[in-house]
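# Structural overview
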Amino acid sequence: MRFDTEKALRGPSVSSANLKEFMDHFGVDEKTISDVMAEALSKGGDYCDLYFQHSIDNYIGLEDKAVNRAYTDVGFGVGIRVLKGDQTGYSFTEEITPNAMKLAARTAANIADSGNIVKPVELKLKEVPNFYPIETPWEQVGVDKKVPYLQQINDKVFAEDKRIIKSNIWFINGTSYVMIANSQGKIVCDYQPMGQIAVNCTAEQNGQREQNYFDLSGRRGIEFFTPENIDRLAKESVRRTLMLFDAVKPEAGEMEVVLAPGISGILLHEAIGHGMEADFNRKKISIFSDKIGKPVAENFVTIVDDGTNPNLRGSLNVDDEGNETEKTYLVENGTLKSYLHDIISANYYKVKPTGNGRRESFRHVPQPRMRNTYMEPGPHKKDEIIASVKKGLYAEAFTNGEVFIGAGDFTFYVKSGYLIENGKITKPVKDVNIIGNGPQVLRDIVMVADDLKIGEGGGTCGKNGQGVPVSMGLPTVKVKKITVGGISTAKS
């Protein structure tokens, strides 16, 4: 078999159900796949799967008012996994030929050494939905069509305010063609697009410099970057930067904290969501490992992890093990209902996989990962929540977080936020860390508004050295106390 570079860059049709085009794209047929599976199971494995992937990622950067960086990263290969109980044998090859795949399969097969041979069965295509429809595949969008976006945003950023002295802008897009076949006879195909523009601004006022950013991202095509969204990228990045000139440093100590709707859901993702990934619970690492069926929050708190939201970064038509995705209720009306499962944990807990088996690429093993994690709307109003706070912090956006999965302890840096004084949002704040414990924060949520918003930016979740795209969201949420650290006295 021979890899046709030109054809590969063109890719198969966007239709995820077109099995023959995907087979041709990867240069394989059903007999080849069946032979590789037989080799993978030759030493007694219980199960095996083959994960074919062709990814194309493009990057263009603008700095100092000039487009001066660009590159393309292409990945092409297959990962072969063999399971024996909860043990995993894994190998991958960037050469998709029968001999190379069989050699990789023999390496993965070494996890098992029993004489109980499982034979793969006939492959049947599994149809999948399309949660990320786009108008134009990224392979049809050349550099000449992307550069004007960067120049337009750069011009708008500098036109917004004379204090802007620098902007860095990135245009990132990617496409991943995926075909997954397993020894139970399932074969699925998927086309996964991704687009992102990020704007970082630096401003100077009386010798003081401030920096902030804003970005938009999703499983979208170039049509997402409308004139309105280009304006938003410029205006919001400048607004977030300039507000820091008026920011104060609040007093340290425990206080009421209101989490703004949207990207502040990263706190939910990091401090709570990771603790609900089933591998951490199967290994008794997570503090939630004995909490299924037990109350963990007020009865108006419902948290979901959802792979089906249209065009969000974490959405998946099918997970990286070939399982259907779904809307998984983690906490429903205050009670812990489910963990996030891949095949291994689902077998361990004797439940159906939730479609959370994810991997960074064909070079990596799948593991339970979040997709789009958010809290559903509650019974309160935002104005009601703000009015109930005498002295507190309104946290709008976070960065530089650190979480210890076992206990759930976390530290986050508030990049954008405000003081709340006597029931009103007042001065912006900066240089603020919040320190707490995820499960305790979950118990301390006392109000949830009806204004759920999903973050629009580009989140990438890291776990065990693998990064996968995710989204997160929150309605306005009031926590009765979180420690605000970093500044010991209050002087504005």
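The coordinates are above.
Computed from a predicted structure; not experimentally measured. (Residues numbered from 1 in each chain as written. Predicted model: local features only at pLDDT ≥ 70, side-chain atom pairs only at ≥ 80, totals over all residues. Heavy atoms only, no water.)

Across its 16 residues, helix α6 (residues 227-242) extends 23 Å between first and last C-alpha, which sits within 8% of the 22 Å expected from 1.5 Å per residue. Within the sequence span of α6, burial applies to Asn 229, Ile 230, Leu 233, Ala 234, Glu 236, Ser 237, Val 238, Arg 240, Thr 241 and Leu 242. Those residues of α6 that are buried are in contact with α5 (143-160), β5 (164-182), β6 (186-205), β7 (208-218), β15 (391-404) and β16 (409-421). (Helix = DSSP H or I, 4+ residues; strand = E, 2+ residues; numbered from the N terminus. Expected span 1.5 Å × (residues − 1). Buried < 20%, exposed > 50% of the residue type's maximum accessible area, 1.4 Å probe, protein only. Contact = heavy atoms within 4.5 Å.)

Before going further, it helps to examine the side chain of Arg 81. Mapped onto the elements of the fold, Arg 81 is located in strand β2 (residues 66-84). Within the structure, Arg 81 has its side chain in polar contact with the side chain of Asp 49 (distance 2.7 Å). A distance of 3.0 Å separates polar atoms of two side chains, one belonging to Arg 81 and the other to Glu 321. With sequence-adjacent residues up to four places away left out, Arg 81 is seen in contact with Tyr 47, Cys 48, Asp 49, Thr 88, Gly 89, Tyr 90, Glu 321, Ile 343 and Pro 366. (Polar contact = N/O pair within 3.5 Å; in protein donor to acceptor, adjacent residues only side chain to side chain.)

Here we take up the nonpolar core. Ranked by internal contacts, the top residues of the largest apolar core, which has 42 residues, are Leu 259, Val 301, Met 375, Leu 393, Ile 434, Leu 442 and Ile 445. Not counting the four nearest positions on each side in its chain, Leu 259 is found in contact with Ser 264, Leu 267, Ala 395, Phe 398, Leu 474, Pro 475, Thr 476, Val 477 and Val 479. Counting 29 residues, the second-largest nonpolar core is a separate cluster that includes Ile 33, Phe 76, Ile 96 and Tyr 177. (Core = buried A, V, L, I, M, F, W, Y, C linked by side-chain atoms within 4.5 Å.)

Okay, the packing of α5 against α6 next. It is at 9 Å that the axes of α5 and α6 come closest, and there the two elements cross at 40°. The orientation of α5 relative to α6 falls into the category oblique. Two packed elements cross with a definite hand, and for α5 against α6 that hand is right-handed. Between α5, through Tyr 149, Gln 152, Ile 153, Lys 156, Val 157 and Glu 160, and α6, the contact on the second element is made entirely by Ile 230, Asp 231, Leu 233, Ala 234, Lys 235, Ser 237 and Val 238. Per-class residue counts for the contact of α5 with α6 are seven nonpolar, two polar and four charged. (Axes fitted to C-alpha atoms, helices over the stretch in contact; angles between N-to-C directions. Parallel < 35°, antiparallel > 145°, perpendicular 65-115°, else oblique. Left-handed = near helix turned anticlockwise from the far one by under 90°. Nonpolar A, V, L, I, M, F, W, Y, C, P; charged D, E, K, R; others polar.)

Here the focus is unusual backbone geometry. Outside of glycine, negative phi angles account for most residues, and trans bonds account for most peptide bonds. Phi is positive for Lys 65, which is not a glycine, with a value near 65°. In the Ramachandran plot, Asn 311 falls in the positive-phi region, its phi being about 65° despite a non-glycine side chain. Take Asn 311: it is sitting in the loop between β9 (303-306) and β10 (327-332).

We now examine α5. Over its 18 residues, α5 runs 26 Å from end to end, which matches the ideal 26 Å to within 8%, given 1.5 Å per residue. Lys 146, Val 147, Tyr 149, Leu 150, Ile 153, Asn 154 and Val 157 are the residues of α5 that are buried. For α5, the buried positions fall inside an angular range of 155° around the axis, keeping them on one side. In α5, the exposed residues that point more than 90 degrees away from the buried face are Asp 144, Asp 155 and Ala 159. Lining the buried residues of α5 we find β1 (47-63), β2, β5, β6 and α6. (Arc of directions from axis to C-beta.)

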